[in-house]
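# Structural features, examined
The lines below spell out each chain.
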Amino acid sequence: MKQQEFELILKEYQTPAYVFDLDALTRRVQRISACLKKAGIDLCYAMKANPFLTGALEPLVERFEVCSPGEFRICEKEGLPMERLVISGVNKERKDISRMIEREQGRGMFTVESMQHFRLLSECARQAKVKLNLLVRITSGNQFGVDYELAKQMFRERESYPELSLQGIQYYSGTQKKKLSALEQELKMLDGFCREVQEDLGVTVSELEYGPGLFVPYFQSEPKEHLEELLEELMQMIGRMDFSGKITLEMGRFLAAECGNYLTRIVDRKENGGQIYGIVDGGIHQLNYFGQTMAMKLPFVQHISAERDAADAPADADPAQTCGYGEKEGADASNAEQECAPAKREEKWNICGSLCTTADVIVKQYPLTDAQVGDVLVFQRTGAYSVTEGISLFLSRDLPKVLFYSQKGGIRLVRDRLETDSINSAGG
Ligand SMILES: Cc1ncc(COP(=O)(O)O)c(C=O)c1O
């Protein structure tokens, strides 16, 4: 997004706020989907990455991975047909499954996370007199899915469950995977499973739903992404598999991260022990950069200066050069800004949030030029997980606004600032 767009937002809306750039989202998902299409592979959005984007992604992906009754209700509100949902995740409850099955007459796809799940799905399907499509999740060595052998057993015993149609398998082993060789190992294992089921049991596995957990560079020290090349390599790996059924790639972060901006304002500045501390009105409860360690890594941040009075200018700044909002980083500096360039004074800031904990350090030693209280920092690539995964109820701070931006639709408030004291108190 350009500087002017952030300026417009800041004129109308207070920080902290998330701004999801739907044009950026569309461009990215179209690029990804184009690579997958060449190999005949479908795309599934793991909506846990950012449920707000579910509606925007409706025309862009084939499926949605839904992991809770709440996520399901979001899909209902967005009018997504059941046929496009994969009801995934542990602890599927009888009442939720029954409701879905009865209402949707067994449409959609359900994952199996355990033997108990398998039986529950069978009972619900029998009761509703429908046939359910299932994917058996194979574990990657944690609480999710079932062991390879148990998965095989489910395929072996499938005839005892005529109300269940075992379509295939689901696999996801983790996120931010840098090494394609790790993905190749996983694909080989899954290919082997399908081959064994075919050879030993005479059953064709027709679907593979695979979450590759692709890496998104969040920090300046990380290598730049080469999206098409990366996906081309992944497609080649998939092409080397014997498996010839339908393949769907489940992705969350890789689709959603890039479109997100988290806007937070510097509300205080101090120097303690020679260190500059900038307190912002957001914090780590609303911002989540996977892999950030001790706030040492520098994320991508756009610095937007607030309107300055001459009196606010730093002592060594040229008073004639004070100006309005001005972007210091990013590629969109306008002519007007160049004419009104601020004095250059780079300092290393420790950017801390508003929580009453020493843990609330977003980034240490971030170089900012002529930064002052009132300026806004735009933390980029925050479209995945930040909006929901943070400890946002800690300290009873308000939940930030959520805004959508697109060139056609302009700026749209989709969730207003929300007070959390009623959620966090016995008074309700
Ligand atoms: C089953 C499943 N699929 C896909 C994803 C999305 O992962 P990522 O955001 O790394 O793409 C997750 C994330 O937890 C998951 O649990």
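Here the structure is a predicted model, which means the values were calculated and not measured. One numbering rule holds for all chains: residues counted from 1, following each sequence as written. Per-residue local features of the predicted model are confined to residues with pLDDT of at least 70, and side-chain atom pairs are confined, for both listing and counting, to 80 or more; whole-chain, interface and lining totals are unaffected and use all residues.

### Some thoughts on the overall build of the protein chain
Note the following rule: Numbering of helices and strands runs from the N terminus; a helix is a DSSP stretch of H or I covering at least four residues, while a strand is a stretch of E covering at least two. Between the buried cut of 20 or more and the exposed cut of 12 or fewer other C-beta atoms within 10 Å of a residue's own C-beta lies the partly exposed class, and all C-beta atoms are placed from the backbone. What counts as a contact is two residues whose backbone-derived C-beta atoms lie within 7 Å of each other.
Of the regular secondary structure elements, the protein chain holds 12 helices and 17 strands. Seen through its C-alpha atoms, the protein chain measures out along the principal axes to roughly 80 × 55 × 45 Å. Looking at the protein chain as a whole, 40% of its 428 residues are labelled buried. Partitioning the intrachain contacts of the protein chain with sequence separation of at least 6 by distance along the chain shows that 70% fall at a separation of at least 24.

### Details of the site of the ligand
The condition that has to hold: The C-beta atom of each residue is placed using the backbone, and any residue whose C-beta lies within 6 Å of a molecule or strand is treated as near it. Note on residue categories: nonpolar means Ala, Val, Leu, Ile, Met, Phe, Trp, Tyr, Cys or Pro, charged means Asp, Glu, Lys or Arg, and polar means any other residue, Gly included.
In the vicinity of the ligand there are 14 residues, among which Ala-46, Thr-175, Gly-211, Gly-252 and Arg-253 approach most closely. Counting residues per element, the ones that place at least two in the shell around the ligand are strand E9 (246-251) and helix H10 (253-256). Split into classes, the residues belonging to the shell around the ligand amount to five nonpolar, five polar and four charged.

### Section: the environment of Arg-31
Within the secondary structure, Arg-31 is located in helix H2 (residues 22-38). Its 12 C-beta neighbours within 10 Å are what place Arg-31 among the exposed residues. In this structure, the C-alpha to C-alpha distance between Arg-31 and Arg-94, residues 63 residues apart in sequence, is 39 Å.

### Looking at the nonpolar core
Grouped burial of nonpolar side chains is what soluble globular proteins tend to show. Inclusion rule: When buried Ala, Val, Leu, Ile, Met, Phe, Trp, Tyr and Cys residues are joined through C-beta atoms within 7 Å, the set is termed a nonpolar core. Domain start and end points were adopted from an automatic or database domain assignment.
Tyr-45, Leu-121, Leu-134, Val-136 and Ile-169 are the most contacted members of the largest nonpolar core, which has 105 residues in total. Residue-level mapping places this core at the junction of two domains, with at least three residues from each of domain 1 (3-17 + 258-415) and domain 2 (81-251). What Val-136 contacts, discounting residues up to four positions off in sequence, is Val-112, Val-146, Ala-151, Met-154, Leu-166 and Ile-169.

### Quick word on unusual backbone geometry
A cis amide bond, omega -5 degrees, links Thr-15 with the succeeding residue Pro-16. By secondary structure assignment, the location of Pro-16 is in the loop between helix H1 (3-12) and strand E1 (17-21). The backbone of Asn-91 shows a phi angle near 50 degrees, a positive value even though the residue is not glycine. With phi around 55 degrees, Lys-129 is a residue other than glycine that occupies positive phi space. Residue classification places Lys-129 among the exposed positions, given that 11 C-beta atoms sit within 10 Å.

### Section: the sheet that holds strand E6 (residues 132-137)
We count it as follows: At least two DSSP bridges between two strands are required for those strands to pair. Note on definitions: angles span 0 to 180 degrees between N-to-C directions of axes, and those axes are lines fitted to C-alpha atoms, for helices only across the stretch in contact.
Spatially, E2-E3-E4-E5-E6-E7-E8-E9 is the arrangement adopted by the eight strands of the closed barrel, whose pairing is parallel. Pairs of neighbouring strands in the sheet enclose a mean axial angle of 30 degrees, with direction left out of account. Helix-sheet contacts for helix H8 (residues 180-201) involve strand E7 (164-172) and strand E8 (207-211), and the interaxial angle to E7 is about 160 degrees.

### Description of the pairing of E8
Just so we agree on the cut-off: Handedness of a crossover: with both strands directed away from the viewer, a clockwise path from the first strand across the helix to the second marks it as right-handed.
In terms of burial, E8 is a largely internal element, five of the five residues being buried. Of the two faces of E8, the one carrying Glu-207, Glu-209 and Gly-211 and the one carrying Leu-208 and Tyr-210 are both buried. With five bridges joining them, E7 and E8 adopt parallel strand pairing. Of the residues in E8, the one forming a bridge with Tyr-171 is Tyr-210. Relative to E9, E8 runs parallel, the two being bridged by four bridges. Opposite Leu-208, over in E9, you have Ile-247 as the bridge partner. In terms of handedness, the path from E8 via helix H9 (residues 227-239) over to E9 forms a crossover that is right-handed.

### Structural notes on the environment of Val-280
Positionally, Val-280 belongs in strand E11 (residues 275-280). Separated by 97 residues in the primary sequence, Val-280 and Leu-377 place their C-alpha atoms 8.6 Å from one another. Look past the residues within four positions of Val-280 in its chain and what remains in contact with it is Thr-264, Arg-265, Ile-266, Val-267, Ile-351, Gly-353 and Leu-377.

### As for helix H5 (residues 94-104)
Here is the rule we go by: Starting at the helix axis, one direction is taken to each C-beta atom, and the arc is that of these directions.
For H5, the complete set of buried residues consists of Ile-97, Met-100 and Ile-101. In a view along the axis of H5, the buried residues occupy a sector of 95 degrees, so they form one face of it. Across from the buried face of H5, at angles greater than 90 degrees, the exposed residues are Lys-95 and Arg-103. Looking at the packing, one finds that the buried side of H5 touches helix H4 (69-77), strand E4 (85-87), helix H6 (115-128) and E6. Taken from the residues just after H5, Gln-105 is the one with a positive phi, measuring 50 degrees.

### Some words on the pairing of E9
For E9, the buried fraction is high: five of the six residues fall into the buried class. Where strand E2 (residues 42-46) lies against E9, four bridges are found, and the strand directions are parallel. Residue Tyr-45 lies in a different strand from E9, and its bridge partner there is Met-251.

### Overview of the packing of H2 against H9
The angle between the axes and the distance between the axes are what describe a pair of packed helices. To keep it simple, the criterion reads: The cut-offs work like this: below 35 degrees is roughly parallel, past 145 is roughly antiparallel, 65 to 115 is roughly perpendicular, and the gaps in between are oblique. Crossings are classed by handedness, with left-handed meaning an anticlockwise turn of the near helix from the far one by less than a right angle and right-handed meaning a clockwise turn.
Contact geometry of H2 with H9 gives a least axis separation of 10 Å together with a crossing angle of 30 degrees. By the criterion of interaxial angle, the relationship of H2 to H9 is roughly parallel. Seen along the crossing, H2 lies across H9 with a hand that is right-handed. Residues Arg-31, Ile-32, Cys-35 and Lys-38 of H2 touch H9, and the partners they reach there are Leu-227, Glu-228, Leu-231, Glu-232 and Met-235. Here the residues of the contact of H2 with H9 sort into five nonpolar, no polar and four charged.

### Side note on the domain arrangement of the protein chain
How big an interface is tends to be expressed through the accessible area that disappears when the partners come together. The domain boundaries assigned to the protein chain delineate domain 1 (3-17 + 258-415) and domain 2 (81-251). The partner domain 2 presents seven residues to the eight residues of domain 1 that form the contact. The residue makeup of the side of domain 1 that touches domain 2, split by class, is five nonpolar, one polar and two charged.

### Looking at the packing of H8 against H9
Packing of H8 against H9 leaves a shortest axis separation of 10 Å and a crossing angle of 25 degrees. Regarding the angle of H8 to H9, the classification is roughly parallel. Crossing of H8 against H9: the hand is right-handed. For the pair formed by H8 and H9, the contact residues are Leu-180, Leu-183, Glu-184 and Leu-187 on the first element and Glu-233, Leu-234, Met-237 and Ile-238 on the second.

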